[in-house]
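Summary of the model geometry
What follows is each chain in one-letter form.
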Amino acid sequence: MKKAIGFRKSFHKGKLGFRKNRRTRFRFRNKGRRLENKGVIHILASLNNTIITITDVEGRTIFWACAGTSGFKGPKKATPYAAEAATVEAIDTVFDLGMRRAEVIIKGCGPGRDAALRAIRKSRIRLNFLRDVTPMPHNGCRPPKKRRL
């Protein structure tokens, strides 16, 4: 008779959902590789939060941070200060790994948009270019009909 196959132990080691232990998650994602000196910083600035994702040139995520993981909760996540704190946290981590130059791609119209960009400009990372990819409607959806009284 065949032996029953149980769970592999390595299956549970790669959990990425633990936010309190950021170093373990980051070490697992990076797998001990040293970064090239160039990367891409993606900023998603919504009305409720600001998410910063740092990738290499090929698009693989190296590190991400948002206002929520930086310790802000509720309406405080939507502030420019929270966006700046999240950006500084992400940039300090990748700077220690060797990133020196970056391209910035900004999407959204939230309040943390300018603050995140200001934090990148203050950091030691040099910017190659800045691109705004906020989606703009070409006349958009049809508006509701006029109200008749």
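Each remark here, short or long, concerns the structure printed above.
Summary of the structure given here. Each chain carries its own residue numbering, running from 1 in the direction its sequence is written. This being a predicted model, a pLDDT of at least 70 is required before a residue's local features are given, and a value of 80 or more before pairs of side-chain atoms are given or counted; all residues contribute to the totals for chains, interfaces and linings. Only hydrogens and water are set aside when side-chain values are computed; all heavy atoms of the structure are taken into account.

**Examining the overall build of the protein**
To qualify as a helix, a DSSP run of H or I must reach at least 4 residues; to qualify as a strand, a run of E must reach at least 2; elements of each kind are numbered from the N terminus. Per the secondary structure count, the protein includes four helices and five strands. Beginning at the N terminus, the succession of helices and strands in the protein can be written as α-α-β-β-β-α-β-α-β. With a 1.4 Å probe rolled over the protein chains alone, any residue whose accessible area is under 20% of its type maximum counts as buried; one over 50% counts as exposed, and the rest are partly exposed. When each of the 149 residues of the protein is scored for burial, the buried share is 33%. The contacts of the protein with a sequence gap of at least 6 include a subset with a gap of at least 24, amounting to 65%. Residue burial considers only the protein chains on display, and all accessible areas are found by Shrake-Rupley using a 1.4 Å probe. Approximately 11,300 Å² of the protein is accessible, and the part contributed by carbon and sulfur atoms is 55%. Working rule for contacts: check all heavy atoms of both residues, and any pair within 4.5 Å makes them a contact.

**Description of the environment of Ile 62**
Mapped onto the secondary structure, Ile 62 falls in strand 3 (residues 61-66). Judged by its relative accessible area of 8%, Ile 62 falls in the buried class.

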